[in-house]
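Results of the structural survey
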Amino acid sequence: MAQYLLDTVWLIPVYALIGGLLAIPWSPGIIRKTGPRPAGYVNVVMTFISFFHAVFAFPAVWNHPAKEVFIPWLSTAGLNLTINLELSSVSVGAVIIITGLNLLAQIYAIGYMEMDWGWGRFFSLLGLFEAGLCALVLCNDLFFTYVILEVLTLGTYLLVGLWFSQPLVVTGARDAFLTKRVGDLFLLMGVLGLWTLSGTWNYAELAEWADTVNVNPTIITLVCFGLIAGPMGKCAQFPLHLWLDEAMEGPIPSTILRSSVVVASGAWVLIKLQPVFSLSPVASAVIVAIGAVTAIGGSLIAIAQIDIKRCLSYSVSVYMGLVFIAVGTQQNEAALLLVITHALAAALLVMSTGGIVWNSVTQDVTQLGGLWSRRPMSGLAFIIGTLGLIGFPPLGSFWALFKLADGLWGTHPILVGIVIVVNALTAFSLTREFALIFGGKPKQMSERSPEAIWLMVLPMMILSGFVLHLPIVLQSLSLLPEWATLNKDVALLLIWSSIFGCSISSIIYLGNIPKPIRLPWQGLQNLFAYDFYTPKLYKVTIIFGVAQLSKFADMLDRFVIDGIVNFVGLFSLLGGEGLKYSNTGQTQSYALTVLLGVGVLGAWVTWPFWGIQLMDLIF
């Protein structure tokens, strides 16, 4: 039975796609009698089927070599495009995480969007997201991976812009789409350039090619830069990171997926292409630099935010930055562990704060407080999510961060320091958010803020259990190091950095220090609060340049192109006006005009011949 489910695991994206298509008729204007709720129920059922299909298929692939499935798609004019799927423990395990998180997010959405009439569109887009993500992790071909990423970009735009009557939502959806399009454009260049060098888009064949090829360093570096740009946009890395913050204007249930597995789609592609990046030391160094800048910068920015969703959005970019560091230093196993552990913990943090956004007057964390007595389940989930995201043993992220730092210990001590600092800053930031929301005494904005309904609390508690038991799962899959060979120095550094960050934040924000807390230098405070002035830098560079180029194109169009066209039109008009006065109505006059015209034309055409004859007569 398990083998049959493994052979048909390609049906899992189809289940999700069917659920998304079945939800469309409940959009407003198509089916009204039953209300929009059946759209959600249909998707929950299809996602439930997908999840258990993947779970029961996993034993057939564990401790077995990867299996490839080829699905012919297009063969014409010498072009053969075949959908290549890889069935391995990693890909099927990723499908389990995607479908499991989507199942919990959909149950959460049934409660969160109880009074919303956009169910049909929302759940159909969740189905599209699930289908695209499952197809992405199963796909073993770079070209079709690019196609799937384009579908996910469209899905992000539509989901973020679900409440399209709000200006901030429209702006967030537009910026998310355009920012990803910048990365995708360069990614397409890299995909096509890689084909000309290797002659294949199959990931396994690309790895074999990278082991033996001798390629021009400049060319492969340029190709790698294009391949890096796509994951930069997907993973919200500097400078393509602003879209994730603005995308938080969308519904919280979609943010659960976006902050956990959707952003990891770029990281997945980056990990699969790591053998190609290893051909260019310059590209590998750029990947590490991008990850380090984003990780440190995002950690500092998160500390100065006051919006409850913005505080969490930057932590997503931070951990994706650590994935970039892992890939750039060829620590693929650490990168996969970071993606898995971050997905579960980040989704739990979004769920725990989503209920506060759902029935609170404000999202400003400085106006909240004292919610621990009113929302104990949400507070407990936030604590578990925080401990699951930082280096706190024995939870999942501790082992992921440990594996990364241990792999860098002997070769890149500076990067180990960055990992330790980022972990401390993340612990500080998340503890600060917990203290401002759940600690202290209730304030005017939080006095009437009860716990969310059971449809939102239930998936939150289930996910809390998964986060707590993740180390046991990783141990059973032999993904954790042995205690006897544990690098005690790295482990102690991680533990002490977590304790230091949490302790300092607790003293500051739970103590009697006057609030709000500000840095001694207002300029530094504003630098962190306003995202290192990145939006302003965009305005004075890219936006200003595009605006000036547009003005120049407008002037060229109005004064040159239109000028030529208007001149031709005016000349034709004047010519016609002049010719109308030569009309006499006499046939012999028209015949004479035609003969004169033909004569002049003939003389002009034959002039070279007559000119030669005339010169011979003269000389």
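Summarised in this report is the structure supplied together with it. (Residues numbered from 1 in each chain as written. Predicted model: local features only at pLDDT ≥ 70, side-chain atom pairs only at ≥ 80, totals over all residues. Heavy atoms only, no water.)

**Some remarks on the packing of aromatic side chains**
Selection rule: Two aromatic rings from Phe, Tyr or Trp, using only the six-membered ring of Trp, form a pair when their centres are within 6.5 Å; if the ring planes differ by under 30 degrees the pair is stacked, by over 60 it is edge-to-face, and anything between is tilted. Strands here are runs of E lasting at least two residues and helices are runs of H or I lasting at least four, both read from the DSSP assignment and numbered beginning at the N terminus. Accessible area is worked out with a 1.4 Å probe on protein chains only. A residue is then buried under 20% of its type maximum, exposed over 50%, and partly exposed in between.
The final tally for this structure, using the stated rule, is 18 aromatic pairs. For the pair Y108 and Y112, a centre-to-centre distance of 6.2 Å together with 20° between the ring planes defines the contact as stacked. Here the residue Y108 and the residue Y112 both occupy positions in helix 4 (residues 89-112), the gap between them amounting to four residues, near one helical turn. Comparing Y108 with Y112 shows no difference in burial state: the two are buried. Every member of this aromatic cluster is reached through a ring pair, and the members are F48, F51, F52 and F56.

**Description of the layout of surface pockets**
As a reminder of what qualifies: Cavity and pocket criteria rest on a 1 Å grid covering protein atoms alone: a 1.4 Å probe that fits but cannot get out defines a cavity, protein on both sides within 12 Å along at least 5 of 7 lines defines an open pocket, and an atom within 4 Å of a point defines a lining residue. Grid points are joined across faces, edges and corners, and a volume is the space filled by probe spheres set on the points. Residue classes follow a fixed rule: Ala, Val, Leu, Ile, Met, Phe, Trp, Tyr, Cys and Pro count as nonpolar, while Asp, Glu, Lys and Arg count as charged, and any other residue, Gly among them, counts as polar. Residue ranges assigned to each domain were obtained from an automatic or database domain assignment.
Size it by volume and the largest pocket reaches roughly 1200 Å³. For the largest pocket, the lining is made up of 43 residues, of which G93, A94, I97, I340 and L477 are closest to its centre. The set of elements that each furnish at least two residues to the lining of the largest pocket consists of helix 3 (37-57), helix 4, helix 5 (119-138), helix 12 (264-272), helix 16 (332-359) and helix 20 (454-476). Here the element with the most residues in the lining of the largest pocket is helix 4; it accounts for eleven residues. Looking at the lining of the largest pocket residue by residue, the class counts come to 34 nonpolar, seven polar and two charged. Among the domains, domain 1 (1-140) and domain 2 (141-517) are the pair contributing at least three residues each to the lining of the largest pocket.

**Overview of a nonpolar patch on the surface**
Quick note on the threshold: Residues with no salt bridge and a relative accessible area higher than 30% make up the patches, which join like charges within 9 Å and nonpolar side chains (Val, Leu, Ile, Met, Phe, Trp, Tyr) within 5 Å. The Shrake-Rupley method, run with a 1.4 Å probe, gives the accessible areas here. Residue values count only the displayed protein chains as cover. The salt bridge criterion pairs a side-chain nitrogen of Lys or Arg with a carboxyl oxygen of Asp or Glu, the two atoms within 4 Å.
A grouping of L549, F552, M555, L556, F559, V560, I561, I564, V565, F567 and V568 is seen on the molecular surface, where their side chains present a nonpolar patch of about 1100 Å² in accessible area. Tracing the sequence through the fold places F559 in helix 23 (residues 534-580).

**Quick word on the side chain of Q274**
The line we're drawing: Two N or O atoms count as a polar contact when they lie within 3.5 Å, although within protein this holds only if one can serve as hydrogen donor and the other as acceptor, and sequence-adjacent residues are included solely when both atoms are side-chain atoms. By definition in these notes, contact holds between two residues if any of their heavy atoms fall within 4.5 Å.
With respect to the helices, strands and loops of the structure, Q274 is situated in helix 13 (residues 274-277). Within the structure, the side chain of Q274 is placed 3.3 Å from the side chain of N332, a separation counted as a polar contact. Once you skip the residues sitting within four places of it in the chain, Q274 turns out to touch V327, Q330 and N332.

From the geometry alone we can't say anything about function, so treat these as descriptive.
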